Amino acid sequence: MCKKSFIVYCAVIMLILAVPLGGTALQAVFRDTFPKERELNGVSTVPETPQLSWETLLSGDFQADAEEYFTYHLFSRRTQTRFYNQILYSLFHSTDNQEMLVGWDDYIYEKPYADAYLWEMPAWQEAALRENIQKLARLSNELAKRGIPLVVRMSPSKAEVYPEYLPSSYDRFVAMKQNGAYGPSWYDVFTDEIGKTDLPYYDARQLLQDMKASGEVVFTKGGTHWSLAPMKEYVNGLNALMEPLMKRNLARMVETDKTVETGQMGISADSDIWDICWNCFSAPLEYPSPHITYSTVAGEEPMRIFTVGQSFTTILMDAIYNQSEQPVWDETDFSWYNTRVMHYPSELAWGTQLSEQTDDYAYYLDADVILVEFLQNGDGAIQFQFADNLLQYLEAEEAAP
């Protein structure tokens, strides 16, 4: 390397070091007036100021906390991250996010769901699942004594509906699974075991496969959750299942307007992992997304629902309460992952929070029906925990003098 090139090389290295360090120092001095970088997409937690003491110093906690604090507040970190990610997106259509998979035609998957699609359930976990389903059956019997139906429903997984777009590294395994070379998955065992009970069970797997085959956008390229496309048929089918349990006619959703637009999301969840996956300056949403609005054919009486489940339920809530002129369910209390409870309808698109925890069982027992949502590529842990907690509450109430 010639002397001139070496000087330029050293100058670039010094610049790379000096700008972030100098900017961080200025940022600390002029905290209120110094320009702030836009946060990266996704959820981030601001580290607390590290506490210096002999105890934290000797244990190494101070050093670890100081490193995390400095990394988070390092000037230009977010800009440099976006620049690096822009190169990955623009040149290679790949991501540095370890939780995301970029498949064929830029279809994005969350890695845990894709891996779960190809996971075979060991025998010892089958036994645990059977026991949990029997607890659900016991809970159903206890609720029936109080005139409250319990309905179990299944939400779809993107990997189950669109396995052909998984990355090429998955191709051989997807082919093996589709040719029957894999053992039963969690979903296979779940559906088999619940079929041996009297539990009302709603699974629209075939509906979604048929809609996909007819050209409907059931999942968008950049969304981990289902789109609005299957909401009307899914909810109407669920209401049809619940009608004989509740001994009354229930409302139905009717599509009043439907378009599929490229580059404009029907709901925010149609791109919920797109921005997180790329996290760069520009990754245009150049893929189709359904836009649908609904009206309602009223039922015989108002209906109040309590449901516990996962983030897929938020799409149902969005369709019912935000995209519809009149909700098909009059009131819904949604326990998000068996933690906070959200109430619909609400002035807020994501519902009004009633509580931080799902523990007011007396209130939930005022519902007309209780729905427990599972996911095709999940393990159902939080749903079974809710069922166990409610069962204990009911059995303790029954045993009380």
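Preceding this section is the structure that the text describes.
A few points on the structure. Given the structure is predicted, the values throughout are model-derived calculations rather than measurements. (Residues numbered from 1 in each chain as written. Predicted model: local features only at pLDDT ≥ 70, side-chain atom pairs only at ≥ 80, totals over all residues. Heavy atoms only, no water.)

Summing up its helical and strand segments, the chain has 15 helices and 11 strands in all. Scored against the burial criterion, the 401 residues of the chain give a buried share of 45%. Summed over its atoms, the accessible surface of the chain is roughly 20,500 Å², and 56% of this surface lies on carbon and sulfur atoms. Positive and negative side-chain charges in the chain, numbering 29 and 57 respectively, have mean positions lying 5 Å apart. (Helix = DSSP H or I, 4+ residues; strand = E, 2+ residues; numbered from the N terminus. Buried < 20%, exposed > 50% of the residue type's maximum accessible area, 1.4 Å probe, protein only. Areas by Shrake-Rupley, 256 points an atom, 1.4 Å probe, with all protein chains shown as cover. Lys, Arg positive; Asp, Glu negative; His and termini not counted. Charge placed at Lys NZ, Arg CZ, Asp CG, Glu CD.)

Moving on: the side chain of Thr313. By the secondary structure assignment, Thr313 is in helix α13 (residues 313-322). Here Thr313 falls in the buried class, since its relative accessible area comes to 0%. Apart from the residues within four sequence positions on either side, Thr313 is in contact with Arg153, Thr307, Phe334 and Glu373. (Contact = heavy atoms within 4.5 Å.)

To continue, consider the pattern of salt bridges. One pass over the structure, following the stated rule, counts 19 salt bridges. Salt-bridge contacts for Glu395 lead to Arg138; the nearest nitrogen and oxygen are separated by 2.8 Å. Of this pair, Glu395 sits in helix α15 (residues 381-399) while Arg138 sits in helix α6 (residues 123-145), and the two are 257 residues apart along the sequence. Take Glu395: its relative accessible area is 32%, and that puts it in the partly exposed class. The network of salt bridges with shared partners includes Glu126, Arg130, Asp192, Glu193 and Lys196. (Salt bridge = Lys/Arg side-chain N within 4 Å of Asp/Glu carboxyl O.)

Considering all chains together, one arrives at 24 aromatic pairs under this definition. Centroid distance Tyr202 to Tyr234: 4.9 Å. Interplanar angle 70°. Geometry classified as edge-to-face. In this pair, Tyr202 is assigned in strand β4 (residues 201-203) and Tyr234 in helix α11 (residues 231-246), connecting sequence segments 32 residues apart. Members of the aromatic cluster, connected to one another through ring pairs, are Phe306, Tyr361, Tyr363, Tyr364, Phe386 and Tyr393. Over the ring of Trp336 we find Arg340, and its NZ or CZ is 4.3 Å from the ring centre. (Phe/Tyr/Trp six-rings, centres within 6.5 Å; stacked < 30°, edge-to-face > 60°. Lys NZ or Arg CZ within 6 Å of the ring centre and 35° of its normal.)

Okay, a negative patch on the surface next. A contiguous patch of negative charge on the surface is contributed by Glu48, Glu55, Asp61, Asp65, Glu67 and Glu68. The element contributing the most residues to the negative patch is helix α3 (residues 61-73), with four residues. Mapped onto the fold, Glu68 is located in helix α3. On the basis of relative accessible area, Glu68 is assigned to the partly exposed category, the value being 46%. (Patch = residues over 30% accessible without salt bridge, like charges linked within 9 Å, V, L, I, M, F, W, Y side chains within 5 Å.)

For the rest of this paragraph, the subject is the packing of α6 against α15. Two elements in contact, α6 and α15, have axes whose closest approach is 9 Å; the angle formed by their N-to-C orientations is 45°. Judged by the inter-axis angle, α6 sits oblique to α15. For α6 against α15, the interelement crossing comes out left-handed. The segment α6 lies against α15, with Leu129, Asn132, Ile133, Lys135, Leu136, Arg138, Leu139, Glu142, Leu143 and Lys145 engaging Phe384, Ala387, Asp388, Leu390, Leu391, Leu394, Glu395 and Glu398. (Axes fitted to C-alpha atoms, helices over the stretch in contact; angles between N-to-C directions. Parallel < 35°, antiparallel > 145°, perpendicular 65-115°, else oblique. Left-handed = near helix turned anticlockwise from the far one by under 90°.)

We now examine the sheet that holds strand β9 (residues 341-344). Taken together, the seven strands give an open sheet; going across it, the order is β4-β3-β11-β7-β8-β9-β10, and neighbouring strands pair in mixed fashion. Edge positions in the open sheet fall to β4 and β10 (352-355), since each of these has one partner strand only. Each adjacent strand pair in this sheet contributes to an overall mean axis angle of 25°, direction not counted. Alignment of strand β7 (residues 304-309) against strand β8 (residues 331-336), held across six bridges, turns out to be parallel. Counterpart to Gly309 in the pairing with β8 is Trp336. Strand contacts of α6: β3 (150-155) and β11 (369-375), with the helix running at about 140° to β3, the strand carrying the most contacts. Sitting on the sheet, α11 touches β3, β4, β7 and β11, and the angle it makes with β3 is about 165°. (Pairing = 2+ DSSP bridges.)

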